[in-house]
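The lines below spell out each chain.
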Amino acid sequence: MPRAISAVNSENELQERLEQHFERHGWVAIREASPRNSNVRADLIVSHDDYGWFGIETKYFDGDGGGKVADAHHQIVSKYRGKRYIGHRIDLWAICPYFSGWDSDDDWYKKRAKHRDQLIRELFCRHGVGYVSPLRD
């Protein structure tokens, strides 16, 4: 499976690589954006003239991280939705999880990573949150 981004070792690195990826494909990408008069920060806001404005919450996982997945969901639906960023309403919020080891050459691990990717994507999509996979371009 082609990689959208190369392997990363932290959430900050994940954000940097995503920012670069979006910009290479003609998007504007802004990291750590906050709504006016708010103390919340969205990891990444991206926009494109043809597609609109999107907010992306990134998460880096060293393990399975079920609780961290739930925390990301809560952040998006309870703190970020409905607010204006950079003077714009966000058309869609999305999660971009990265699990360390996704770049493994081990077939068993690749199969497990793909299954985890599908489960998380389905959970978020059923709740109106998009999914950005670092595994696909």
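Everything discussed here concerns the structure shown above.
Note that the structure is a prediction, hence the values are computed from the model and not measured.

Some words on the nonpolar core
- Judged by nonpolar contacts, the single largest core of 19 residues is most densely connected at I45, I76, Y85, W93 and F124.
- Of all the elements in the fold, those that place two or more residues in this core are β2 (42-48), β3 (52-61), α2 (66-80), β6 (92-99) and α3 (107-126).
- With 4 residues, the top contributor of residues to this core is α2.
- Beyond its immediate chain neighbours, meaning those up to four positions away, W93 contacts A42, I45, G55, I56, I76, Y80, R81, Y85, V129 and G130.

Regarding the side chain of H48
- Looking at where H48 falls in the secondary structure, it is placed in strand β2.
- A distance of 3.0 Å separates a polar atom in the side chain of H48 from the backbone nitrogen of D50.
- Residue contacts for H48: discarding those within four places in its chain leaves H25, G26 and W27.

Some remarks on the pattern of salt bridges
- Evaluation of the coordinates by the stated rule reveals 3 salt bridges.
- Residue E13 pairs with R17 through a salt bridge whose shortest N-O separation is 2.8 Å. You can see E13 and its partner R17 sitting in helix α1 (residues 11-24), 4 residues apart, about one turn around the helix.
- For E13, a relative accessible area of 18% translates into the label buried.
- For R17, a relative accessible area of 22% gives the class partly exposed.
- Of the charged contacts, one joins R126 and E122 as a salt bridge, the two residues approaching to 3.3 Å between their closest N and O atoms. Here R126 and its partner E122 are both found in helix α3, 4 residues apart, which amounts to about one turn of the helix.
- Assessed through its relative accessible area of 67%, R126 is described here as exposed.
- Among the residues examined, E122 registers a relative accessible area of 43% and is labelled partly exposed.

Some details on the environment of D117
- The topology assignment puts D117 in helix α3.
- Overall, the relative accessible area of 0% leaves D117 in the buried class.
- As a C-alpha pair, D117 and P97 span 20 residues in sequence and 8.4 Å in three-dimensional space.

Quick word on the side chain of Q15
- You can see Q15 is positioned in helix α1.
- A relative accessible area of 3% means that Q15 is categorised as buried.
- Each residue touching Q15, except ones within four places of it in the same chain, is listed here: R31, E32, D43 and T58.

A short note on the pairing of β2
- For β2, a buried count of 7 out of 7 residues is recorded, marking the element as mostly surrounded by other parts of the structure.
- Of the pairings in the sheet, the one linking β2 to β3 comprises 5 bridges and is antiparallel in character. Across the sheet, residue S47 finds its bridge partner in β3, namely W53.

Rules used in this analysis
Residues numbered from 1 in each chain as written. Predicted model: local features only at pLDDT ≥ 70, side-chain atom pairs only at ≥ 80, totals over all residues. Heavy atoms only, no water. Core = buried A, V, L, I, M, F, W, Y, C linked by side-chain atoms within 4.5 Å. Buried < 20%, exposed > 50% of the residue type's maximum accessible area, 1.4 Å probe, protein only. Helix = DSSP H or I, 4+ residues; strand = E, 2+ residues; numbered from the N terminus. Contact = heavy atoms within 4.5 Å. Polar contact = N/O pair within 3.5 Å; in protein donor to acceptor, adjacent residues only side chain to side chain. Salt bridge = Lys/Arg side-chain N within 4 Å of Asp/Glu carboxyl O. Pairing = 2+ DSSP bridges.

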